[in-house]
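# Fold and contact review
Take a look at the letters that make up each chain.
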Amino acid sequence: MPSKLTIPDLNALVEAGTPLTMITCYDYPNARIVDAAGVDIVLVGDSVAMTVLGYPNTLPATMEMMLVFAGAVARGCQRAFVLGDMPYMSYQISDEIAVRNAGRFMAEAGVDGVKLEGGRAMADRVRAIVRAGVPVMGHLGLTPQSASAIGGYKVQARSGAAAIALLDDALALQEAGVFSILLELVPAAVAEIVSSKLEVPTISIGSGAGCSGHCQIYHDAIGMFEAFQPRHAKRYAQVGQVLGQAMAAFVREIRDGTYPGPEHGFKIDREALAAFRACADGL
Ligand code: KIV
């Protein structure tokens, strides 16, 4: 059985020049697949609200939902470092609520750490959670939980001032104790400079090649999310198409009588059947 990756293991990979791999995941069978494939960090993202539950954004994800998904993923990962994504309003309100919810992720779902969105304004939250013994990944750039406040789902840190503010946020998170920072939709050159100023590894999602690792949304990577395809997402399979073909064959075979065949049924012994027939005939 592969041994569980720890934060020192992740840092050692980065030190050795091996980019970290990170993917989102939301259930047990897919967690087993990504874990066996060698993904280093598995994020149970609040993107589950969109990819799995069909909501238009991530805000409807709740702690109760996230604990169910996170528990399933944690049970499926023997090697990968599993992160629970703190959902909207599970940490913004107070340090106390943030620590309690981070602790629930650890104790009830069995994850290895949590991720939360926001920079300097969230530094106290990060500090409190880390002090409680829970590893935290920061998340800067496009932070979907505050999409309305930051002008929608668009590339961030495109002006000099915004890039400096991003660097300041990253340094504040590092100082507060994060073990890594996810940079979402930040210009590649900005992400590279920010990464070079930090001691903790950065993970890019749509932020170019200059980070310490790379993340994708699972459903984008496997071709299972049809609503839209972000420019940074690369499809490694057309799983949606394969599933569609399988279900079309299922419907066709039932309708044309190919399925079920005798090999899919179960037998009863002759005397028992005769007794049953006699009884049924009398009804
Ligand atoms: O919820 C999520 O899936 C995320 C992605 C940006 C990785 O936070």
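A few points on the structure. (Residues numbered from 1 in each chain as written. Predicted model: local features only at pLDDT ≥ 70, side-chain atom pairs only at ≥ 80, totals over all residues. Heavy atoms only, no water.)

What follows concerns the sheet that holds strand E3 (residues 81-85). Strand order in the closed barrel formed by eight strands is E1-E2-E3-E4-E5-E6-E7-E8, with parallel pairing between adjacent strands. The average undirected angle you get between the axes of adjacent strands in this sheet is 25 degrees. Across four bridges, strand E1 (residues 20-24) lies against strand E8 (residues 213-216) in parallel orientation. Within E8, the position partnered with Met 22 by the bridge is Cys 215. The strands that helix H7 (residues 160-176) touches are strand E5 (136-141) and strand E6 (180-184); relative to E5, the one it contacts most, it runs at about 175 degrees. (Pairing = 2+ DSSP bridges. Helix = DSSP H or I, 4+ residues; strand = E, 2+ residues; numbered from the N terminus. Axes fitted to C-alpha atoms, helices over the stretch in contact; angles between N-to-C directions. Contact = heavy atoms within 4.5 Å.)

One pass over the full model with this rule turns up ten salt bridges. For Asp 85, the salt bridge is made with Lys 115, and the minimal N-O distance between the two is 3.0 Å. Of this pair, Asp 85 sits in strand E3 while Lys 115 is found in strand E4 (residues 113-117), placing the two residues 30 residues apart along the sequence. Judged by relative accessible area, Asp 85 falls into the buried class, the value being 2%. Arg 125 is the partner of Asp 95 in a salt bridge, and the nearest nitrogen-oxygen pair spans 2.5 Å. Within this pair, whereas Asp 95 is found in helix H5 (residues 95-109), its partner Arg 125 is found in helix H6 (residues 123-131), the two being separated by 30 residues in sequence. Salt bridges sharing common partners tie together Glu 64, Arg 104 and Glu 108. (Salt bridge = Lys/Arg side-chain N within 4 Å of Asp/Glu carboxyl O. Buried < 20%, exposed > 50% of the residue type's maximum accessible area, 1.4 Å probe, protein only.)

Before going further, it helps to examine the pairing of strand E2 (residues 41-44). Residues Ile 41 and Leu 43 line one face of E2 and the alternating positions Val 42 and Val 44 line the opposite face, and both faces are buried. Summarising the sheet, E1 and E2 pair through three bridges and their orientation is parallel. If you follow Ile 23 over to E2, its bridge partner there is Val 42. Crossover connection from E1 via helix H2 (residues 28-37) to parallel E2: handedness right-handed. Pairing of E2 with E3 involves four bridges; the strand directions are parallel. Residue pairing for E3: Ile 41 is matched across the bridge by Phe 81. (Right-handed = clockwise from strand over helix to strand, strands pointing away.)

Here we come to unusual backbone geometry. Residue Pro 260 is reached from Tyr 259 by a cis peptide bond, and omega for that bond is 0 degrees. Of note, Pro 260 is situated in the loop between helix H10 (239-256) and helix H11 (270-281). Positioned with a positive phi, Ala 157 is a non-glycine residue whose angle comes to about 55 degrees. By secondary structure assignment, the location of Ala 157 is in the loop between E5 and H7. One non-glycine residue, Leu 185, lies in the positive phi region at around 50 degrees. In this fold, Leu 185 is placed in the loop between E6 and helix H8 (188-197).

With that settled, the discussion passes to the state of the cysteines. Every disulfide links exactly two cysteines, by a covalent bond between their sulfur atoms. The final tally for this structure, using the stated rule, is zero disulfides. Free cysteine Cys 77: the closest other cysteine sulfur is in Cys 25, separated by 6.4 Å. (Disulfide = S-S within 2.5 Å.)

Here we come to the side chain of Gln 145. When you line up the elements, Gln 145 lands in the loop between E5 and H7. Once you skip the residues sitting within four places of it in the chain, Gln 145 turns out to touch Asp 46, Thr 58, Leu 59, Met 86, Pro 87, Tyr 88, Tyr 91, Gln 92 and Glu 117.

It is worth spelling out the site of the ligand at this point. The ligand sits among Thr 24, Leu 43, Gly 45, Asp 46, Ser 47, Asp 85, Lys 115, His 139, Leu 182, Glu 184, Cys 215 and Ile 217. Interatomic distance of 2.5 Å between a side-chain N/O atom of Ser 47 and an oxygen atom of the ligand. Look at the ligand: alone it shows 260 Å² of surface, and the protein chains cover 97% of it. Comparing atom positions with the cavity grids shows the ligand to sit within the largest pocket. Taken together, the residues of the shell around the ligand break down into four nonpolar, four polar and four charged. (Near = heavy atom within 4 Å. Polar contact = N/O pair within 3.5 Å; in protein donor to acceptor, adjacent residues only side chain to side chain. Areas by Shrake-Rupley, 256 points an atom, 1.4 Å probe, with all protein chains shown as cover. 1 Å grid on protein atoms, 1.4 Å probe; cavity = no way out; pocket = protein on both sides within 12 Å on 5 of 7 lines; lining within 4 Å. Sits in = over half its atoms within 2 Å of the grid points. Nonpolar A, V, L, I, M, F, W, Y, C, P; charged D, E, K, R; others polar.)

This part takes up the layout of surface pockets. What the largest pocket holds in volume is close to 480 Å³. Forming the boundary of the largest pocket are 27 residues, of which Ser 47, Met 50, Pro 144, Glu 184 and Ile 217 lie nearest the centre. Those elements that provide at least two residues to the lining of the largest pocket are helix H3 (48-51), E4 and E6. In the lining of the largest pocket, the residues fall into 14 nonpolar, seven polar and six charged. (Points joined across faces, edges and corners; volume = space filled by probe spheres on them.)

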